[in-house]
Amino acid sequence: MLSVSYGKTETLNLFSAKIQTPKIDKQADKILKQMSDHLTAMQQFSYKSQGSYEVVDKDKKKEQLTYSSEVFVKRPNKLRVNAKNNNRDAAVYYDGKQFTVLGKNANMYAVAEAPPTLDAALDSARDRFQMDPPGADLIYSNPYKGLMEEATQGQLVGEEVINGKASNHLAFKSKEVDWDIWIQKGSSPVPLRYKIISKNIPARPEFIVNFTDWKQGTGPDFADQQFVFSPPANSKKIPFMRLGDAPTASNTKKK
Amino acid sequence: MKRYKKFAILLAAFFLMLLAAEEILLLAQGIRNQRARMDVRGTSRRTARRVNRRHDYWNGSRGTYGGYYAAPVAAAAVVGATAAAVYSLPSGCTDYNGYYNCGGTYYQPQMQGNEVVYIQVEIDD
């Protein structure tokens, strides 16, 4: 009997631990919310990003890789990304129906049916194709909601200049990552830098991205047709690698 | 009255079991993840799926691919799955119905994240 009541108390403790109020500084919360509202209101926009991230191999050695990309967002259901890495050049298209990734060097592409909204499509890309587009937090329809989902602490660090622009530096903590964001001051509160440290992984690898060229989307670059993929000449259609895929009977080919 | 007590005990036991099951799953993933390449995360959000513990990069990750499918789904589904995957094919491969024949070794191109990789496959003659 005793052990059972102990069990019950434990359960209750676990529940109460989960509903602890996060310690988020009011000003930090307000600035993040302003950025989120601004990005939501932009509806269609483009920006450039230059990022670097570290990968840790099994000997806990860190390697730094860089990428640059150009992102076009048209809410509620269109996205186009050009991403470049040392020797890779890829394009991603989401037109509200299909999700396509084109490897330009290999001239190969993979297509999948996609959910009808950008939010759902981003979730789906993560779940089904192991894609975790860096900085994707910021292109959801309500970035604030996603960013704060796991946050346990948050504060305003102070003012800093990023690429010549005055910004507010905010720092947040959550269970798995610590992240910082620099938000432009003034009437256009866009993110200028975003940094994430995966603190539970040995060697605590870091991801950092700088955002530039935030533009309200207008003109032919944002025509619906620009978000629809059409296969380049001589390109080859290939499957996405799915979670758990392995060369088993299912992809063994019979002559 | 006694019956209510019994019911309450069962209910409490059930919830404890759920908690324990989840922790065991996480533990299993922790062990598995140590074998896998680990990447920094590019998003602060977690994915919708509760068990997702690691994420591959949008940009993939060259050179550290251990032939290990560190997919986050249920641990049991992926443990032990190994495959030879390469980022580029040797020269002299021939197209074979969507596959590549490289001196008798066959590869299928697949899109991993936003990168094309070639997975070795068995072909029955």
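Definitions and limits used
Residues numbered from 1 in each chain as written. Chains lettered and ligands numbered in written order. Predicted model: local features only at pLDDT ≥ 70, side-chain atom pairs only at ≥ 80, totals over all residues. Heavy atoms only, no water. pLDDT = per-residue confidence, 0-100. Helix = DSSP H or I, 4+ residues; strand = E, 2+ residues; numbered from the N terminus. Contact = heavy atoms within 4.5 Å. Salt bridge = Lys/Arg side-chain N within 4 Å of Asp/Glu carboxyl O. Buried < 20%, exposed > 50% of the residue type's maximum accessible area, 1.4 Å probe, protein only. Pairing = 2+ DSSP bridges. Expected span 1.5 Å × (residues − 1). Arc of directions from axis to C-beta. Core = buried A, V, L, I, M, F, W, Y, C linked by side-chain atoms within 4.5 Å. Phe/Tyr/Trp six-rings, centres within 6.5 Å; stacked < 30°, edge-to-face > 60°. Lys NZ or Arg CZ within 6 Å of the ring centre and 35° of its normal.

### Side note on the confidence of the model for chain B
Residues and elements named next belong to chain B.
- A residue-level look at chain B finds 44% of positions with pLDDT of 70 or above and a mean pLDDT of 60.
- Within chain B, the lowest mean pLDDT, 24, falls on helix 2 (residues 75-78), and the highest, 90, falls on strand 4 (residues 99-102).
- Segment residues 26-37 is flagged for pLDDT under 50; beyond a separation of four residues in sequence, or across chains, it makes 29 contacts in the model.
- Counted against residues more than four places away or in other chains, residues 47-82, with its pLDDT under 50, gives 128 contacts.

### Quick word on the environment of leucine 192 of chain A
All names here are of chain A.
- The residue leucine 192 is located in strand 11 (residues 191-198) in this model.
- Leucine 192 sits 19 residues away from phenylalanine 211 along the chain, and the two C-alpha atoms are 4.8 Å apart.
- Aside from chain neighbours lying at most four places away, what touches leucine 192 is Ile162, Lys165, Ser167, Trp182, Gln184, Val209, Asn210 and Phe211.

### As for the side chain of serine 52 of chain A
- Within the fold, serine 52 of chain A resides in strand 2 (residues 44-56).
- For serine 52 of chain A, the residues in contact, after removing those within four places along its chain, are Gln64, Leu65, Thr66, Tyr67, Glu206, Phe207 and Ile208 of chain A.

### Concerning the pattern of salt bridges
Residues and elements named next belong to chain A.
- Enumeration according to the criterion identifies 9 salt bridges over all chains in this entry.
- Glutamate 159 is the partner of lysine 185 in a salt bridge, and the nearest nitrogen-oxygen pair spans 2.5 Å. You can see lysine 185 sitting in the loop between strand 10 (177-184) and strand 11 and its partner glutamate 159 sitting in strand 8 (residues 151-162), a full 26 residues away along the chain.
- For lysine 185, a relative accessible area of 33% gives the class partly exposed.
- Taking relative accessible area as the criterion, glutamate 159 reaches 58% and is therefore assigned exposed.
- Among the charged side chains, a salt-bridge network with shared partners connects Lys173, Asp178 and Lys199.

### Here's the deal with the environment of threonine 218 of chain A
- With respect to the helices, strands and loops of the structure, threonine 218 of chain A is situated in the loop between strand 12 (206-216) and strand 13 (236-237).
- Spatially, the C-alpha atom of threonine 218 of chain A lies 7.7 Å from that of glutamine 44 of chain A, the residues being 174 residues apart in sequence.

### Structural notes on the sheet that holds strand 2 (residues 85-86) of chain B
Residues and elements named next belong to chain B.
- Across the sheet, 5 strands lie side by side as 2-6-5-4-3; this open sheet has antiparallel pairing. The sheet is open, and its two borders are formed by strand 2 and strand 3 (94-96), each paired with just one other strand.
- Where strand 4 meets strand 5 (residues 105-112), 3 bridges bridge the pair, whose relative direction is antiparallel. Its bridge partner lying in strand 5, tyrosine 100 is registered against tyrosine 107.

### Details of helix 2 (residues 26-42) of chain A
Residues and elements named next belong to chain A.
- Along its 17 residues, helix 2 runs 24 Å from first to last C-alpha, staying within 8% of the 24 Å computed at 1.5 Å per residue.
- Among all positions of helix 2, only Ala28, Ile31, Leu32, Met35, Ser36, His38, Leu39 and Met42 are buried. Relative to the axis of helix 2, the buried residues are bounded by an arc of 160° and lie together on one face. Relative to its buried face, helix 2 has exposed residues pointing more than 90 degrees away, namely Lys26, Lys30 and Ala41.
- Remark: glutamine 43 follows helix 2 within two positions and exhibits a positive phi of approximately 60°.

### Quick word on the confidence of the model for chain A
- On average, chain A scores 86 in pLDDT, and the residues at 70 or more come to 85%.
- Per-residue pLDDT stays below 50 along residues 245-255 of chain A; that stretch engages in 28 contacts with residues further than four places along the chain or on separate chains.

### Some details on the nonpolar core
Residues and elements named next belong to chain A.
- Counting residues in hydrophobic clusters, the biggest one holds 62 residues, and the most contacted among them are Leu32, Leu79, Phe99, Phe172, Trp179, Ile181 and Tyr194.
- Here this core gets 6 residues from one element, more than from any other, and that element is helix 2.
- In contact with phenylalanine 172, other than residues within four places in its own chain, are Ile24, Ala28, Leu32, Met148, Ala151, Gln153, Gly154, Asp178, Trp179 and Ile181.

### Details of unusual backbone geometry
All names here are of chain A.
- Here the bond from arginine 75 into proline 76 is cis, since omega is 5°, no more than 30 degrees from zero.
- Of note, the phi angle at glutamine 43 is positive, near 60°, even though the residue is not glycine.
- Position of glutamine 43 relative to the elements: it lies in the loop between helix 2 and strand 2.
- Not every positive phi belongs to a glycine, and asparagine 234 is a case in point at roughly 60°.

### Topic: helix 3 (residues 118-129) of chain A
All names here are of chain A.
- When the terminal C-alpha atoms of helix 3 are compared, their 15 Å separation across 12 residues agrees well with the 16 Å that a helix rising 1.5 Å per residue should span.
- Buried within helix 3 are the following residues: Leu118, Ala121, Leu122, Ser124, Ala125, Arg126, Asp127 and Phe129.
- The inward-facing, buried residues of helix 3 abut strand 3 (62-74), strand 4 (78-85), strand 5 (88-94), strand 6 (98-103) and strand 7 (108-113).

### As for the packing of aromatic side chains
All names here are of chain A.
- Enumeration according to the criterion identifies 15 aromatic pairs over all chains in this entry.
- The interplanar angle of 80° and the centroid separation of 6.1 Å between the aromatic rings of tryptophan 179 and tyrosine 194 together place this pair among those described as edge-to-face. Of this pair, tryptophan 179 sits in strand 10 while tyrosine 194 sits in strand 11, and the two are 15 residues apart along the sequence. As far as burial versus exposure is concerned, tryptophan 179 and tyrosine 194 are alike and both buried.
- Joined through ring pairs, the aromatic side chains of Phe45, Tyr47, Phe211 and Trp214 make up one cluster.
- If you follow lysine 33 out to its NZ or CZ, it ends over the ring of tyrosine 144, 5.8 Å from the centre.
- Between arginine 193 and the ring centre of tryptophan 182, over which it is positioned, the NZ or CZ distance is 5.6 Å.

### Remarks on the pairing of strand 2 of chain A
Residue and element names in this part refer to chain A.
- Within strand 2, 10 of the 13 residues are buried, which leaves it mostly tucked inside the rest of the structure.
- Direction of pairing for strand 2 relative to strand 3: antiparallel, over a ladder of 13 bridges. Considered in strand 3, the bridge of glutamine 50 is made with serine 68.
- What sits between the antiparallel neighbours strand 2 and strand 3 is a turn of 5 residues, in which lysine 60 has the positive phi angle 65°.

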